[in-house]
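# Reading the structure
Below, each chain spelled out in residue letters.
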Amino acid sequence: MRFNNISFFRNKSLSTIFFVFSIFTFTSMSTLVFAHNLDYTNIITRQWKIENGSKTIDASFLMLKDNSVYVQERNNTIVSIPLTDLSKADVDYVKLKYNHIVQLNYDRVKYNTRADKVEMIFNQQFWICFILLLVLGNIIYQFRKKNIVRHFATLFIVVTSVLLISFTNKAIHTIQSFTSPTFIDSAFNAFKPNVHTYWDSTYFYVESKGIPTTHEMMVGISNHGWQRQVPIPQCYIGSNAWPIPLNPKIAASPIPVDEIHFTRGAIALAINGIPIFNVHTNTGVDSYIDGQLDSYGGHCGRADDYHYHIAPLHLYNYTSATLPIAFGLDGFAVYGSVEPDGNPMQVLDSNHGHLFNGLYHYHGTTTAPYMIANMVGEVTEDATHQLIPQSAARPVRPGLTPLSGALITACIPNTGKNGYNVTYTRNGQTDSVVYKWTTNGQYTFKFYTNGSLDSTKIYNGFTQCEVPVTTGMNQNTSSPLEVSISPNPNNGNFYLRIHNITSDNEVKGINIFSIQGSLVYEISQYQEAIELKNFPKGIYVVQILCKKNQLTKKVIVE
């Protein structure tokens, strides 16, 4: 009887030890896995002094956008104040807060990479939990013949399952990345108001006229490279704005930027609003080596649209060396010869970029492949070898043939700022093209040979537009438009819903493209129920054309 009592108390003590250790292990690992670092920020109000109004506002800082400060009063009213109306002390405070916010957003930018997943999953928390589980498992194994251990074996299985689910959720979380639009916006600030930016939950949009304001165009194009195209401002505005993905994802097989892929249209956008094309032309040659580019790496296409073909490293004369000079249309940034921390560029991978502190970005160089060797992000290439979605240039005249032996020596804007005088030499003489446009979209071209008027051509084209400038108290602060598709995947029948829309009249049309880029569905108004009858299974791109922007969403038909 005495022996049984001793065994009873011994088993009871062992049971208590097991119970305490198991609870400690479970709570410790749960804390490590599930706990969040809470960073509560006190709402601080300050007295904002309006200089020209001689009044003050008691409010807290929200954000700075388009040279206007947004503050929130104690009654939760949001007020927009032009930066020029504030006192110098308030302006200094705003700039300090803005720089702090930009840095915070930049630090939180995480791109979806395999290295990121490894870093997120197999971190310090993982190894602590792993060691605790090993210890608990070893104890269970040592006392495996004891009846009380059976209960803790069940607990061990439950704890292990919970942890596996938790770390799986962490892995899934790394796949869902969102680039800070505030950080992207900071890169374009140096060229505002010649560019205008805004964003929704899917894309960061850039509006521009596609004409650089910091350098001369076309000068230096030589040999057989000039096809008699000249720069005409484009309307990359509203539904034709440049879209940069805010949710970039690493592609399983990056598509090469070579003489086959992406030979039509842009692959990136410079921070001055100028598109950047593949260095290879549609004939497969290196446009830089072939002498087809000007002194800044650009020229005009068949639509008389100016664009670059190599990395615009000269833009670092106007922006910080630690900011991007461009963004790929896959969502990843392009830097120059230094890293985001100011140190020299590290070794590049085969895509002409690399990971840096868990983030992926490209680099621009003066030698091939100059910028992007492979599109690291997931993108769609249509049947014409163009990356979609992207903005479109509009021609006003038919394309011409190359002018062999011409060397462009000047491209000077006229005094009315509505045209240019392009001068070139050929066969020992100086010739020129003088052209301009009117407010109603009439374009006049005059061709001079050795100083004498040779011919005149008049074309009716699009009306020139202006880049929006958002300032003052009347800025639209409504929520950005978002689109959702349900169900997705589907059998070809689905519902298209646009959130935060004030009127169906905001939608100008809906286009649906196949993955090959063919237009398979088109409607000129908003329609919620979409039916794709007898369409083959696959991925389709839904494009919603709105008055101020365009929304794009992928839909899967099964």
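Summarised in this report is the structure supplied together with it.

Reading guide: rules and limits
Residues numbered from 1 in each chain as written. Predicted model: local features only at pLDDT ≥ 70, side-chain atom pairs only at ≥ 80, totals over all residues. Heavy atoms only, no water. Disulfide = S-S within 2.5 Å. Helix = DSSP H or I, 4+ residues; strand = E, 2+ residues; numbered from the N terminus. Buried < 20%, exposed > 50% of the residue type's maximum accessible area, 1.4 Å probe, protein only. Pairing = 2+ DSSP bridges. Phe/Tyr/Trp six-rings, centres within 6.5 Å; stacked < 30°, edge-to-face > 60°. Patch = residues over 30% accessible without salt bridge, like charges linked within 9 Å, V, L, I, M, F, W, Y side chains within 5 Å. Areas by Shrake-Rupley, 256 points an atom, 1.4 Å probe, with all protein chains shown as cover. Salt bridge = Lys/Arg side-chain N within 4 Å of Asp/Glu carboxyl O. Axes fitted to C-alpha atoms, helices over the stretch in contact; angles between N-to-C directions.

## Re the state of the cysteines
Counted according to the given criterion, the structure contains one disulfide. A sulfur-sulfur separation of 2.1 Å characterises the disulfide bridge that pairs Cys235 with Cys465. Where Cys235 bonds to Cys465 through sulfur, the torsion about that S-S bond is close to -135 degrees, and the disulfide is left-handed. With Cys235 in the loop between strand S6 (203-207) and strand S7 (242-245) and Cys465 in the loop between strand S24 (452-460) and strand S25 (482-486), this pair connects stretches of sequence that are 230 residues apart. Classification of Cys465 as buried rests on a relative accessible area of 16%. Cysteine Cys300 is unpaired, with the sulfur of Cys411 as its nearest cysteine sulfur at 7.3 Å. Overall, the relative accessible area of 3% leaves Cys411 in the buried class.

## Regarding the pairing of S24
By the bridge criterion, eight bridges tie strand S23 (residues 442-449) to S24 in an arrangement that is antiparallel. Bridge pairing in S24 links Tyr448 to Leu453. Where S23 folds back onto S24 in an antiparallel hairpin, the turn is made up of two residues, including Asn450, whose phi is positive at roughly 55 degrees.

## A short note on the packing of aromatic side chains
Under the criterion given, the structure shown has 19 aromatic pairs. Ring geometry for Phe332 against Tyr360: centres 5.8 Å apart, planes inclined by 70 degrees, an arrangement best described as edge-to-face. Here the residue Phe332 occupies a position in the loop between strand S13 (326-328) and strand S14 (333-335), and Tyr360 occupies one in strand S16 (residues 359-363), the gap between them amounting to 28 residues. Each member of the pair, Phe332 together with Tyr360, is buried. In this structure an aromatic cluster arises from ring pairing among Tyr420, Tyr435, Trp437, Tyr443, Phe445, Tyr459 and Phe462.

## Comments concerning helix H6 (residues 181-188)
Among the eight residues in H6, eight count as buried, and that is most of the element. Along H6, the residues that are buried comprise Pro181, Thr182, Phe183, Ile184, Asp185, Ser186, Ala187 and Phe188.

## Description of a nonpolar patch on the surface
A cluster of nonpolar side chains, Phe130, Ile131, Leu134 and Val135, forms an exposed patch at the surface whose accessible area comes to about 350 Å². Assignment of secondary structure puts Phe130 in helix H4 (residues 124-142).

## A look at the sheet that holds S23
Backbone-to-backbone hydrogen bonds join strands into a sheet, with any given pair of strands oriented parallel or antiparallel. Here we have five strands laid out as an open sheet, ordered S20-S21-S22-S23-S24, and antiparallel in their pairing. Strands at the two margins of the open sheet, each flanked by one partner only, are strand S20 (407-413) and S24. Shown here is a sheet whose adjacent strand axes are inclined to one another by a mean of 15 degrees, direction ignored. Of the pairings in the sheet, the one linking S20 to strand S21 (residues 419-426) comprises six bridges and is antiparallel in character. The residue of S21 that forms the bridge with Ile408 is Tyr424.

What is shown is where atoms sit, not what they do.
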